[in-house]
Amino acid sequence: MPAGPFGDAVRQGRDIFVHTREYAKAYVGNGLRCSNCHLDAGRLAHSAPLWGAYVAYPQYRRKNGHVNSLGERIQGCFRFSMNGKAPPLDSPEMVALESYAYWLATGAPVGARLAGAGYPKQGFRPPQPPDYARGKAVFVRDCALCHGADGQGQRAAGRDVFPPLWGPDSFNWGAGMAQLDNAAAFIKANMPLSRGGSLSDQDAWDVAMYIDGHERPQDPRYKGNLEQTRKQYHDSPLSLYGTVVNGRLLGARPSQ
Ligand code: HEC
Ligand code: HEC
């Protein structure tokens, strides 16, 4: 890493990325860290690496209907994936994260869609419609060992070792991971940890359905009407928000 003030910003960005609560506490509202979903400190291909993101912004996003800077994209992951607050664009935390992403992308061509960028979801479709009961069987067989039978992850000596997949300490309903195609693609490429690629496509979709078929913190864009929030932000078969899964209406929790 470079020396001097720029190197300090790069290191701070990496620290925030890997120990998000410790270094950006004011903006974190759950038990996750950035590197739980962007593996190997944001460097691993097929887990939305920062080097792939850096050269791909500014970019139009359907999610909010305008062109987003990289900073605004990062704000989105704080608000939804971290169930927290968006750091201001000129805050030291944001400058550090952008410095780290910039440094990881050294030498990459601006505007390129780099191989391994994002999650590999293009053209990734389930052979059969995803199924909650089959997904539960996959979860018990391949995931519960680390993430816990209740999906709440595991903590040791006050530190989280395995992250929660649903419930109050996980990502909220507005997060990308709450969308089945993102979850299925991430899981197929990266889970079980260190055995990425080992699940069948069907198993990856089924277990994504199982995970995203559980309750989690409210979408922060919710203004009191579940049906309307679904219509406005979740109008897709890839979102289970506002639908009944396994006999439970999802997203019906009041906002915090
Ligand atoms: C719960 C999982 C999760 C967590 C935690 C998380 N993200 Fe993300 N992030 C995602 C998903 C899903 C996407 C969308 C990937 C895609 O569209 O291929 C994404 C996308 C991104 C992108 C854009 C990637 C691209 O190629 O367009 C950036 C940058 C990013 N996240 C940064 C962060 C930062 C910084 C943090 C911590 C503050 C964070 N993320 C925490 C799941 C997560
Ligand atoms: C060997 C332990 C292990 C197994 C087995 C495992 N995971 Fe993970 N999983 C992890 C760890 C550790 C992380 C966080 C990675 C990091 O921080 O580097 C993670 C992250 C995740 C995430 C993103 C973070 C979050 O909380 O949402 C999802 C989703 C996920 N795993 C799903 C699964 C699924 C589905 C399976 C079963 C097919 C599975 N995992 C099996 C260890 C495991």
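From a predicted model like this one, the values you see are computed outputs, not experimental measurements.

Basis of the calculations
Residues numbered from 1 in each chain as written. Chains lettered and ligands numbered in written order. Predicted model: local features only at pLDDT ≥ 70, side-chain atom pairs only at ≥ 80, totals over all residues. Heavy atoms only, no water. Salt bridge = Lys/Arg side-chain N within 4 Å of Asp/Glu carboxyl O. Buried < 20%, exposed > 50% of the residue type's maximum accessible area, 1.4 Å probe, protein only. Domains from an automatic or database assignment. Buried area = accessible area lost by both parts, 1.4 Å probe. Polar contact = N/O pair within 3.5 Å; in protein donor to acceptor, adjacent residues only side chain to side chain. Helix = DSSP H or I, 4+ residues; strand = E, 2+ residues; numbered from the N terminus. Nonpolar A, V, L, I, M, F, W, Y, C, P; charged D, E, K, R; others polar. Donors = N, O, S within 2.8 Å, 3.2 Å for Na, K, Ca; no water. Tetrahedral: all angles 85-135°; square planar, octahedral: opposite > 155°, others 65-115°. Axes fitted to C-alpha atoms, helices over the stretch in contact; angles between N-to-C directions. Parallel < 35°, antiparallel > 145°, perpendicular 65-115°, else oblique. Contact = heavy atoms within 4.5 Å. Pairing = 2+ DSSP bridges.

Peer 1: Could you clarify how one ought to interpret the pattern of salt bridges in this entry?
Peer 2: Under the definition given, this model contains eight salt bridges. As a salt-bridge pair, Asp212 and Arg216 come within 4.0 Å of each other at their nearest N and O atoms. Among the residues examined, Asp212 registers a relative accessible area of 0% and is labelled buried. Of the charged contacts in the structure, one is a salt bridge between Arg221 and Asp219, with a shortest N-O distance of 2.7 Å. Connected through shared salt-bridge partners, Arg141, Asp142 and Asp203 make up one network.

Peer 1: Got a minute to help me understand the domain arrangement of the protein chain in this structure?
Peer 2: Interface extent is often summarised as the accessible area lost during association of the parts. For the protein chain, the assigned domains are domain 1 (4–104) and domain 2 (132–249). For domain 1 and domain 2, the distance between their C-alpha centroids amounts to 21 Å. Counting the surface lost from both domain 1 and domain 2, the interface buries some 1,500 Å², and carbon and sulfur atoms represent 49% of this. On inspection of domain 1 and its partner domain 2, the count reaches zero salt bridges. Counting every contact that joins domain 1 to domain 2 gives seven residue pairs in polar contact (both at pLDDT 80 or more). Secondary structure elements with two or more residues in the side of domain 1 that touches domain 2: helix H2 (20–23) and helix H5 (70–81). Counting residues per element, the side of domain 1 that touches domain 2 draws most heavily on H5, which supplies three residues. Tallied by class, the residues present in the side of domain 1 that touches domain 2 amount to five nonpolar, eight polar and five charged.

Peer 1: Explain the coordination of the iron atom of ligand 2 to me, please; I cannot follow it from the model alone.
Peer 2: Think of it this way: four donors in a tetrahedron around the metal ideally sit 109.5 degrees apart, and six in an octahedron ideally sit 90 or 180 degrees apart. For the iron atom of ligand 2, the full set of protein donor atoms is His147 (NE2) and Met191 (SD), and the range of their distances to it is 2.0 to 2.4 Å. One way to put it: the six donor atoms around the iron atom of ligand 2 meet at angles of 86 to 179°, and that makes the site octahedral. Note that His147 is positioned in helix H8 (residues 144–147) and Met191 in the loop between helix H9 (180–190) and helix H10 (201–212), a separation of 44 residues in sequence. The class of His147 is buried, set by a relative accessible area of 11%.

Peer 1: I tried to follow the packing of helix H7 (residues 132–142) against H10 on my own but got confused; where do I start?
Peer 2: Helix-helix packing: each pair is described by the crossing angle between the helix axes and the interaxial distance. For the pair H7 and H10, the least separation of the axes is 7 Å and the interaxial angle reads 100°. As the angle between them shows, H7 and H10 are arranged roughly perpendicular. Contact with H7, carried on its side by Tyr132, Arg134, Gly135, Lys136, Val138, Phe139 and Arg141, involves Gln202, Asp203, Asp206, Val207, Met209 and Tyr210 of H10 and no other residues of that element. Considering only residue class, the contact of H7 with H10 consists of six nonpolar, two polar and five charged.

Peer 1: Sorry, what's going on with the coordination of the iron atom of ligand 1 here?
Peer 2: Within the first shell, the iron atom of ligand 1 binds the protein through His38 (NE2) and Cys77 (SG), at distances of 2.1 to 2.3 Å. Each of the six donor atoms around the iron atom of ligand 1 contributes to a set of angles spanning 88 to 179°, which defines the coordination as octahedral. Highlighted residues: His38 in the loop between H2 and helix H3 (39–42) and Cys77 in helix H5, separated in sequence by 39 residues. The exposure class of Cys77 is partly exposed, given its relative accessible area of 24%.

Peer 1: I would appreciate a short explanation of the pairing of strand S4 (residues 159–162) in the present structure.
Peer 2: For a regular strand, side-chain orientation follows a simple rule: the groups alternate between the two sheet faces. In this sheet, S4 lies alongside strand S3 (residues 154–156) in antiparallel orientation, the contact comprising three bridges. The partner of Arg155 across the bridge, within S4, is Asp160. Between S3 and S4, which pair antiparallel one after the other, the connecting turn spans two residues, and Ala157 there sits at a positive phi close to 50°.

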